[in-house]
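Now for the letters of each chain:
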Amino acid sequence: MNITKEIIDYDKYKKNIDKWINIKGEIKYLEFAKILKDINCECTWKNVSNLYRYDKRLQINIFKYMSFFEEYIRAKLWNENIYKDYKDLNKKTMNELIDYIYDNSSIIESYFNEIDKDKLLNIKQLRNTVSHNDIVIKCKRKRKDYKQLILDFYLVIPAEYKDGFKKDIYNCQKKLSIDKKLLVVF
């Protein structure tokens, strides 16, 4: 695949496309073109670049809330005196924290009413996608796509943060034209 052949209006936007491909990489833009083709959406530069922006906004917002969620998990473990020393818990990665919660159903029952072990693994997948700067829209686990994984994450964050998260996710589409099939809806 070659971007010049995939974007139907390449010639019209050649200078702009070449600039962004130089900065972000042709392979990544080709992935967004493939996503559009898979849903039978026209592969114009506007559609490809809007989808890229939407994905990047999702990534940034999910990362923000995932960082908070990691801090929240640590607070619960410290408050339960599961870890007595700051350094012991603070050097644990998010994946290690999720694995710990996964293995301890009493923590799930005490603090995460809306979560089960499968949702924890979905959150772990979403976290890894975001943290490795991968394409959120391609994120999946088992039969769940990125929209379902984001919803699973939404269900476990504390109530005080749910409205902000939902608003931030909806704002990812602001001033962009994105096919409705690709939008995250709560």
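See the structure above.
This structure is a prediction, so every number in the text was calculated from the model and none was measured. (Residues numbered from 1 in each chain as written. Predicted model: local features only at pLDDT ≥ 70, side-chain atom pairs only at ≥ 80, totals over all residues. Heavy atoms only, no water.)

### Here we look at the side chain of Thr129
Part 1 of the reasoning: In this structure, Thr129 sits in helix H8 (residues 117-131).
Part 2 of the reasoning: For Thr129, a relative accessible area of 6% gives the class buried.
Part 3 of the reasoning: For Thr129, the residues in contact, after removing those within four places along its chain, are Gln59, Asp134, Ile135, Val136 and Cys139. (Helix = DSSP H or I, 4+ residues; strand = E, 2+ residues; numbered from the N terminus. Buried < 20%, exposed > 50% of the residue type's maximum accessible area, 1.4 Å probe, protein only. Contact = heavy atoms within 4.5 Å.)

### Here's the deal with the packing of aromatic side chains
Part 1 of the reasoning: According to the stated counting rule, one finds 13 aromatic pairs in the structure shown.
Part 2 of the reasoning: Ring centres of Tyr65 and Phe165 lie 5.0 Å apart, and the angle between their planes is 80°; on these two criteria the pair is classed as edge-to-face. Of the two residues, Tyr65 is situated in helix H4 (residues 45-79) and Phe165 in helix H10 (residues 159-171); the sequence distance between them amounts to 100 residues. You'll find Tyr65 and Phe165 in the same group, each marked buried.
Part 3 of the reasoning: Centre to centre, the rings of Phe165 and Phe186 are 6.0 Å apart; their planes meet at 80°, and the pair counts as edge-to-face. A residue pair is termed long-range when its members are at least 10 positions apart, and Phe165 in helix H10 and Phe186 in the segment after H10 qualify at 21 residues.
Part 4 of the reasoning: Assessed through its relative accessible area of 26%, Phe186 is described here as partly exposed.
Part 5 of the reasoning: One aromatic cluster is present, built from ring pairs that chain together Tyr65, Phe68, Phe69, Tyr72, Phe153, Tyr154, Tyr161, Phe165, Tyr170 and Phe186. (Phe/Tyr/Trp six-rings, centres within 6.5 Å; stacked < 30°, edge-to-face > 60°.)

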